Amino acid sequence: MSHGIRILSEEDLPLLSDLEKQCFPGEEWTSKMLASHLEYHQAFVWEENSVLSYALVCETPWEVEIFRIATVPTYQRKGAALKLLESILKRFATKDFFLEVKESNLPALSLYEKSGFSILEKRKNYYADGSTAIIMLRKKEL
């Protein structure tokens, strides 16, 4: 197995589905949603002998939206998401980045702030559980 970032293909759908179940139990995307994402957008994993972290992104001519970024539970808070995020930011350095995150997800908020994201707006009662979403922006490198 390689070390570093890898782009996923439709053949990686079973892997991606398993990662979703591990990282977002009860809130995971369905196989159909993941297959549609892989057909039209991009997905990446960070590997170090095994897959540690993954991201689902949507690239347009002017920006990149991060739909999901997560780390396998046994590897959380060990830097895998940071390595993956840094690699994605470098890959699309000429574009602005957007994402949304639950206000209660303090580790993710800290990661994004360390990576140059700033709060753009808040959306109260955005999630099914009534949580607030924080919309974040990272401007492209000049």
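The rules behind each value
Residues numbered from 1 in each chain as written. Predicted model: local features only at pLDDT ≥ 70, side-chain atom pairs only at ≥ 80, totals over all residues. Heavy atoms only, no water. Core = buried A, V, L, I, M, F, W, Y, C linked by side-chain atoms within 4.5 Å. Buried < 20%, exposed > 50% of the residue type's maximum accessible area, 1.4 Å probe, protein only. Helix = DSSP H or I, 4+ residues; strand = E, 2+ residues; numbered from the N terminus. Contact = heavy atoms within 4.5 Å. 1 Å grid on protein atoms, 1.4 Å probe; cavity = no way out; pocket = protein on both sides within 12 Å on 5 of 7 lines; lining within 4 Å. Points joined across faces, edges and corners; volume = space filled by probe spheres on them. Axes fitted to C-alpha atoms, helices over the stretch in contact; angles between N-to-C directions. Parallel < 35°, antiparallel > 145°, perpendicular 65-115°, else oblique. Left-handed = near helix turned anticlockwise from the far one by under 90°. Nonpolar A, V, L, I, M, F, W, Y, C, P; charged D, E, K, R; others polar. Salt bridge = Lys/Arg side-chain N within 4 Å of Asp/Glu carboxyl O. UniProt positions renumbered as here; feature names shortened; annotations may be inferred. Polar contact = N/O pair within 3.5 Å; in protein donor to acceptor, adjacent residues only side chain to side chain.

Visitor: Could you clarify how one ought to interpret the nonpolar core in this entry?
Guide: In summary, soluble globular proteins display a tendency toward joint burial of nonpolar side chains. Counting residues in hydrophobic clusters, the biggest one holds 25 residues, and the most contacted among them are Tyr112 and Phe117. Those elements giving two or more residues to this core turn out to be β2 (42–48), β3 (51–59), β4 (63–71), α3 (80–91), β5 (96–102), α4 (106–114) and β7 (133–138). Ranked by residue count, the leading element in this core is α3, at six residues. Apart from the residues lying within four places of it in its own chain, the contact partners of tyrosine 112 are Ile69, Leu85, Leu99, Val101, Phe117 and Met136.

Visitor: Could you clarify how one ought to interpret the layout of surface pockets in this entry?
Guide: Taking a probe equal in size to a water molecule and rolling it over the atoms shows the remaining empty space. Put simply, the largest pocket is a space of about 1000 Å³. Considering the residues around the largest pocket, the lining is formed by 33 residues, among which Phe24, Ile69, Asn105, Ala108 and Tyr112 are closest to the centre. At the level of elements, β4, α3, β5 and α4 are the ones that each hand at least two residues to the lining of the largest pocket. At seven residues, β4 tops the list of elements feeding residues into the lining of the largest pocket.

Visitor: So what exactly am I meant to see when it comes to the packing of helix α1 (residues 13–23) against helix α2 (residues 31–40) here?
Guide: When two helices pack together, their arrangement is given by the angle between the helix axes and the distance between those axes. With their axes 10 Å apart at the nearest point, α1 and α2 run at an angle of 125° to one another. Judged by the angle between their axes, α1 and α2 are oblique. The handedness of the crossing between α1 and α2 comes out as right-handed. Within the contact between the two elements, α1 uses Leu13, Leu16, Ser17 and Glu20 and α2 uses Ser31, Leu34, Ala35 and Leu38. In terms of residue class, the contact of α1 with α2 is built from five nonpolar, two polar and one charged.

Visitor: When you look at the pattern of salt bridges in this model, what are you seeing that I'm missing?
Guide: A pair can form between side chains of opposite charge whenever their charged atoms are brought close. Evaluation of the coordinates by the stated rule reveals ten salt bridges. When the shortest N-O distance is used, the salt bridge between aspartate 12 and arginine 6 registers 3.3 Å. Using a relative accessible area of 26% as the deciding quantity, one classes arginine 6 as partly exposed. Here arginine 6 and glutamate 47 are joined by a salt bridge, their closest N and O atoms 3.0 Å apart. Taken together, the positions of arginine 6 in strand β1 (residues 3–7) and glutamate 47 in strand β2 put the pair 41 residues apart, joining distant regions of the chain.

Visitor: Which parts of the structure should I look at to understand the UniProt feature "domain: N-acetyltransferase" (unreviewed entry) in the protein chain?
Guide: Feature annotation in UniProt assigns "domain: N-acetyltransferase" (unreviewed entry) to the following positions: residues 3–141. The span residues 3–141 shows a helical share of 30% and a strand share of 35%, and its end C-alpha atoms are spaced 26 Å apart.

Visitor: When you look at the side chain of arginine 138 in this model, what are you seeing that I'm missing?
Guide: Take arginine 138: it is sitting in strand β7. Among the polar contacts listed, one links the side chain of arginine 138 to the backbone oxygen of serine 115, at a separation of 2.7 Å. Excluding anything up to four places from it in sequence, arginine 138 contacts Leu89, Lys95, Asp96, Phe97, Ser115, Gly116 and Phe117.

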